[in-house]
Amino acid sequence: EADIYQTPRYLVIGTGKKITLECSQTMGHDKMYWYQQDPGMELHLIHYSYGVNSTEKGDLSSESTVSRIRTEHFPLTLESARPSHTSQYLCASIGLAGYNEQFFGPGTRLTVL
Amino acid sequence: QKEVEQDPGPLSVPEGAIVSLNCTYSNSAFQYFMWYRQYSRKGPELLMYTYSSGNKEDGRFTAQVDKSSKYISLFIRDSQPSDSATYLCASRRGSNYQLIWGAGTKLIIKP
């Protein structure tokens, strides 16, 4: 079973707060991804990383930032949360064994009031 | 136009029925086609993938790709209530690690 963890699972915060969503994996995977998922909509890629000190923005414009200082850790930060950031955030990783299988964490459901 | 289109459903069928889930795609460069299953409050998990056209079978599940019509299908035989979930199709080009996702179809299997 894949080991990829996300915390917190649920977060309700007020507008303007700075938040960090945590994502960790114990599989030693180089490639990691952050997706945004809204009900009835496709997963939108917001950030990805192909290794330590390598980060790129995805197709969906996002006001968030990410860092990759360690292979196992890929946190996402919102400097000033807004109601439009309310969504489900999913973290995923893939290993060398197969680029078609992304392992997902359970997600963080964020609500900004 | 979205690169991968999928009817969001919900699709409700009785237990034991054969289920057919479908996607269409527009990018001829796509070579790999995946089906993921997502239970409520969980992340998606890979069910199976196919390369180019053809069929692939895994137990009660069969994935089918027709590149001539740009059509992706997943068939579930002898459907069970535990199959109730959202099924997402995804595609990618051979040289690219990024997946392009459909919106997912919510499937409900009624006991």
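Since we're looking at a predicted model, the values are computed, not measured. (Residues numbered from 1 in each chain as written. Chains lettered and ligands numbered in written order. Predicted model: local features only at pLDDT ≥ 70, side-chain atom pairs only at ≥ 80, totals over all residues. Heavy atoms only, no water.)

**Some details on the pairing of strand E6 (residues 54-57) of chain A**
Residues and elements named next belong to chain A. With 3 bridges joining them, strand E5 (residues 44-51) and E6 adopt antiparallel strand pairing. Looking across to E6, one finds that His-47 is bridged to Lys-57. Counted between consecutive antiparallel strands, the loop separating E5 from E6 contains 2 residues, among which Asn-53 sits at a positive phi close to 65 degrees. (Pairing = 2+ DSSP bridges. Helix = DSSP H or I, 4+ residues; strand = E, 2+ residues; numbered from the N terminus.)

**Observations regarding the nonpolar core**
Of all hydrophobic cores here, the largest spans 23 residues; its most connected members are Trp35(B), Leu74(B) and Tyr87(B). It is strand E3 (residues 19-25) of chain B that contributes the most residues to this core, 4 residues altogether. Beyond its immediate stretch of four places on either side in the chain, Tyr87(B) contacts Gln6(B), Leu21(B), Trp35(B), Tyr36(B), Arg37(B), Leu47(B), Phe61(B), Leu74(B), Ile76(B), Gly104(B), Thr105(B) and Leu107(B). Formed by 17 residues, the second largest nonpolar core is a distinct cluster that contains Cys23(A), Val66(A), Leu76(A) and Cys91(A). (Core = buried A, V, L, I, M, F, W, Y, C linked by side-chain atoms within 4.5 Å. Buried < 20%, exposed > 50% of the residue type's maximum accessible area, 1.4 Å probe, protein only. Contact = heavy atoms within 4.5 Å.)

**Overview of the state of the cysteines**
Throughout this description, disulfide means a covalent bond between two cysteine sulfur atoms. Residues and elements named next belong to chain A. Scanning the model with the defined rule gives 2 disulfides over all chains in all. Across the disulfide, Cys-23 is cross-linked to Cys-91 (sulfur-sulfur distance 1.9 Å). A torsion of -75 degrees about the S-S bond marks the disulfide between Cys-23 and Cys-91 as left-handed. On the criterion of sequence distance, the pair formed by Cys-23 in strand E3 (residues 19-25) and Cys-91 in strand E9 (residues 87-94) is long-range, its members being 68 residues apart. Exposure remark for Cys-23: the relative accessible area of 0% places this residue in the buried category. (Disulfide = S-S within 2.5 Å.)

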